[in-house]
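Chain by chain, the residues:
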Amino acid sequence: MSSPKESALAWISNNNERLIEISNKIWEFAELGLIEFKSSALLADELKKHGFRVKRGIAGMPTAFVATWGEGKPTVGIMGEYDALPGLSQKKVPRKEPLEPDKPGHGCGHNIHGTSGMAAAIATKIAIEQANIKGTLKFFGTPAEENFSGKVFMVRDGCFSDVDAVISHHPDDMNCADLRSSLAVNSVKFHFYGKASHAGGSPEQGRSALDAVELMNTGVNYLREHVIQDARIHYVIEKGGDQPNIVPSYARSWYYVRAPERHDLEFIYDWILDIAKGAATMTRTEVKAEFMEGTYNVIPNRTIAELIIKNMSEIGLPEYNKEDLEFAEEIAKTITRETKIAQLRKTKRPGWETLVDKLIDEEIPRPWGEGETMHGSTDVADVSWQVPAVEFGTATWVLGTPAHSWQAVAQSGVGLGHKSLLLAAKVMATTAVDLLTNEGFLKKAQEEQRQRLADRAYESPIPPDHKPPLDIWKG
Ligand SMILES: [Zn+2]
């Protein structure tokens, strides 16, 4: 009889066509955060078909769900995302060519994220059922990673309170389970209310909300000198008026503020709120700050990261065929050497220089980056404050591919992406089997998490009555 891990691996290999089909369907749906109706239903239905108990509409989000199998302790979780990004529609070709102009596309490969997690959950279930392993397996369908941090709502509502460890996979240009943290973030919109008037005939009657937006931005740009090096502040003007001969009575900006820890972030955030009030005072307008969402910084976990790398090494990296490599070569031509070097250097992976002349990552490096921070944010962070949680990457894209690019969309829908999906599913399933069957791993991972938290308490970054912005895409 085969071992639990062998059963899990065999299930993934035997079902590869179905798994690729699901990933491709989600790639085609390309649904934005909180309205991933077809994508989440596809994953949830598949899990249900395999005997999971599925609870939909979690934490106030119709597209969030939890699929559970088994009972008792330990409880191991696997997460999957399935939201796309606006404006990134792209055909499965190695040149920039939208499928439908201005429509969303899977620029972060979340079609693979959701499918690899679902596949791993089913494969793990098959393995533990066959070997009569005790414990509970949960798949978390987590919407809106890209903009509204669905996991933060799920954490606030206690979805992860009975879980012992959580793993997830993210498409990447590298194979990695690194130890870098991420930046905590707050997202906030500023609504300025002024008074309309004829900009030529009676400007003295008007109070320009757009002036307030511009003065606020100027104030914030002066603030930049006085924030820590790792902080990030970025904004867009969502609404600046209608036409020049009307003094804008309403204008709106949208800000992200990021910093390595919540206390750094809150210091900067409070200052920005003051600047907004100052801009309103200067322009005799009114301002309302609308908090959108926030996340923490990631608490890494070496114990689980090492386990993931060990399992990935035992499984081995995929082999690419001629078609895969030709596609990869064409994509690589669209990424300049400077971009590639900058992308690789930023990862701080030891020996990144040796990858500059490589097309695809053919190594499985040991976890690196202890004490380092990557300058993006993720809602996996909030889960990592509850339980040991690791999100690892597999090479889905040629080296140097930036995420959120048309290149990432194209590659997430073809052979390179499919192979990365199957590998990731296998890595997660074998790691989940390890966590369910070896109490030592879980204990060590939990002890490590406790040490890293160093008695810091988690306080949800979103207020208790704050709801996911379900109507956000309605205009
Ligand atoms: Zn992503």
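Below, the structure is looked at part by part.

Rules of the game
By convention here, each chain's residues receive numbers from 1 onward along its written sequence. Reporting in this predicted model follows two pLDDT cut-offs: at least 70 for local features of residues, and 80 or more for side-chain atom pairs to be given and counted; totals over whole chains, interfaces and linings ignore these cut-offs and use all residues. The side-chain numbers reported here are obtained from all heavy atoms of the structure, hydrogens and water having been left aside. Helix and strand definitions follow DSSP, with helices as H or I runs of at least four residues and strands as E runs of at least two, each counted in order from the N terminus. In this description the radius of gyration comes from C-alpha coordinates, and the expected globular size is given by 2.2 Å times residues to the power 0.38. The cut-offs for exposure are 20% and 50% of the maximum accessible area for each residue type, with area from a 1.4 Å probe on protein chains only; residues under the lower value are buried, those over the upper are exposed, and the others partly exposed. Two residues qualify as a contact provided that any one of their heavy atoms is within 4.5 Å of a heavy atom in the partner residue. Methods summary: accessible areas were calculated by the Shrake-Rupley approach with a probe of 1.4 Å, and residue burial reflects only the protein chains presented. Whether two strands pair depends on DSSP finding at least two bridges between them. Fitted lines through C-alpha atoms serve as axes, helices being fitted only where they are in contact, and the angles separating the N-to-C directions of these axes extend from 0 to 180 degrees. Listed donors are limited to N, O and S atoms within 2.8 Å of the metal, widened to 3.2 Å for Na, K and Ca; water is not among them, so incomplete-looking sites are possible. Residues enter a nonpolar core if they are buried and are Ala, Val, Leu, Ile, Met, Phe, Trp, Tyr or Cys, with the set joined through side-chain atoms within 4.5 Å. Each Phe, Tyr or Trp ring (for Trp, its six-membered ring) is paired with any other whose centre lies within 6.5 Å, and the angle between the two planes then decides the class: stacked below 30 degrees, edge-to-face above 60, tilted in between. Criterion for a charge above a ring: Lys NZ or Arg CZ within 6 Å of the ring centre, and within 35 degrees of the ring normal. Roughly parallel means an angle under 35 degrees; roughly antiparallel, over 145; roughly perpendicular, 65 to 115; everything else is oblique. Handedness of a crossing is defined here by the sense of rotation of the near helix relative to the far one, left-handed for an anticlockwise turn of less than a right angle and right-handed for a clockwise turn. Only Asp, Glu, Lys and Arg are considered charged in this grouping, and only Ala, Val, Leu, Ile, Met, Phe, Trp, Tyr, Cys and Pro are considered nonpolar; every other residue, Gly among them, is considered polar. The disulfide criterion used throughout: a pair of cysteine sulfur atoms within 2.5 Å.

### What to know about the overall build of the protein chain
Of the regular secondary structure elements, the protein chain holds 14 helices and 10 strands. Its C-alpha radius of gyration of 23 Å places the protein chain within 12% of the 23 Å reference for a compact globule of 475 residues. Across the 475 residues of the protein chain, 56% fall into the buried class. In the protein chain, of all internal contacts separated by at least 6 residues, the share reaching a separation of at least 24 is 81%. Accessible surface, the protein chain as shown: approximately 19900 Å² in total, 51% of it carbon and sulfur.

### Section: the sheet that holds strand 3 (residues 75-80)
If you walk across this open sheet you meet the 6 strands as 1-2-4-3-5-10, and the pairing is mixed. At either end of the open sheet lies a strand with only one pairing partner, and these are strand 1 (53-58) and strand 10 (389-395). Neighbour-to-neighbour, the strand axes of the sheet open up by a mean angle of 20 degrees, direction not taken into account. The sheet contact formed by strand 5 (residues 165-172) and strand 10 spans 7 bridges and is parallel. If you follow His169 over to strand 10, its bridge partner there is Phe392.

### Quick notes on the coordination of the zinc ion
Taken together, the protein donors to the zinc ion comprise Cys108 (SG), His110 (NE2) and His170 (NE2), at separations of 2.1 to 2.3 Å. Spacing between the donor residues of the zinc ion along the chain follows C-x1-H-x59-H. With His110 in helix 4 (residues 110-131) and His170 in strand 5, this residue pair connects regions lying 60 residues apart in the sequence. A relative accessible area of 14% means that His170 is categorised as buried.

### Comments concerning the nonpolar core
Ranked by size, the top nonpolar core spans 57 residues in total, and within it Leu47, Phe52, Phe65, Ile78, Met118 and Ile308 carry the most contacts. Looking at this core, the element that brings in the most residues is helix 13 (residues 415-437), giving 12 residues. Look past the residues within four positions of Phe52 in its chain and what remains in contact with it is Leu47, Ala67, Thr68, Trp69, Ala121, Ile122, Lys125 and Leu137.

### A look at the packing of aromatic side chains
Two numbers describe a pair of aromatic rings. These are the distance of the centres and the angle of the planes. Per the stated rule, a full pass over the model turns up 12 aromatic pairs. A ring pair is formed by Phe190 and Tyr255, whose centres lie 5.6 Å apart and whose planes are at 90 degrees; its orientation type is edge-to-face. Pair noted here: Phe190 is in strand 6 (residues 184-193) and Tyr255 is in strand 8 (residues 250-259), with a separation of 65 residues, a long-range link. Overall, Phe190 belongs to the buried group, its relative accessible area being 0%. Between the aromatic rings of Tyr193 and Tyr250, the centroid separation amounts to 5.5 Å while the plane-to-plane angle is 45 degrees, which identifies the pairing as tilted. Of this pair, Tyr193 sits in strand 6 while Tyr250 sits in strand 8, and the two are 57 residues apart along the sequence. We classify Tyr193 as partly exposed; its relative accessible area is 37%. Each residue in the set Phe65, Tyr82 and Phe139 is aromatic and connected to the rest through ring pairs, giving one cluster. Residue placement shows Lys92 over the ring face of Trp27; its charged tip is 4.7 Å from the ring centre.

### Focus: the environment of Val298
Along the chain, Val298 turns up in the loop between strand 9 (286-295) and helix 8 (302-315). A relative accessible area of 13% means that Val298 is categorised as buried. Sequence spacing of Val298 and Val236 is 62 residues, and the spatial spacing of their C-alpha atoms is 26 Å. Among residues more than four places away in sequence, those in contact with Val298 are Arg180, Ser181, Ser182, Thr378, Ala381 and Ser384.

### Here we look at the sheet that holds strand 9
Spatially, 7-8-6-9 is the arrangement adopted by the 4 strands of the open sheet, whose pairing is antiparallel. At either margin of the open sheet sits one strand with a lone partner, and together these are strand 7 (232-239) and strand 9. Put simply, the sheet's adjacent strands are angled 20 degrees from each other on average, direction ignored. Two strands pair when backbone bridges link them, and strand 6 and strand 9 are joined in this way by 9 bridges, in the antiparallel orientation. What sits directly across from Phe190, in strand 9, is Ala289. Along the sheet, helix 6 (residues 209-223) makes contact with strand 6, strand 7 and strand 8, crossing strand 8 at roughly 20 degrees.

### Points about the packing of helix 1 (residues 4-14) against helix 4
It is the contact of helix 1 with helix 4, at a shortest axis distance of 8 Å, that shows an interaxial angle of 140 degrees. Taken as axis vectors, helix 1 and helix 4 run oblique relative to one another. With respect to the hand of their crossing, helix 1 and helix 4 are arranged in right-handed fashion. Contacts between helix 1 and helix 4 involve Pro4, Ser7, Ala8, Trp11 and Ile12 from the first element and Ala119, Ile122, Ala123, Ile126, Ala127, Gln130 and Ala131 from the second. Here the contact of helix 1 with helix 4 is built from residues that sort into 10 nonpolar, 2 polar and no charged.

### Topic: the state of the cysteines
By the definition in use, this model includes 0 disulfides. Looking at Cys176, it has no disulfide partner, and the nearest cysteine sulfur is the one in Cys108, 12 Å off. Of the residues examined, Cys176 reaches a relative accessible area of 5% and is grouped as buried.

### With respect to the environment of Met292
Mapping Met292 onto the fold places it in strand 9. Judged by its relative accessible area of 4%, Met292 is buried. When the C-alpha atoms of Met292 and Glu447 are compared, they prove to be 33 Å apart, with 155 residues separating the residues in sequence. When neighbours within four sequence positions are excluded, Met292 is seen to be in contact with Phe148, Ser187, Val188, Lys189, Trp254, His466 and Ile472.

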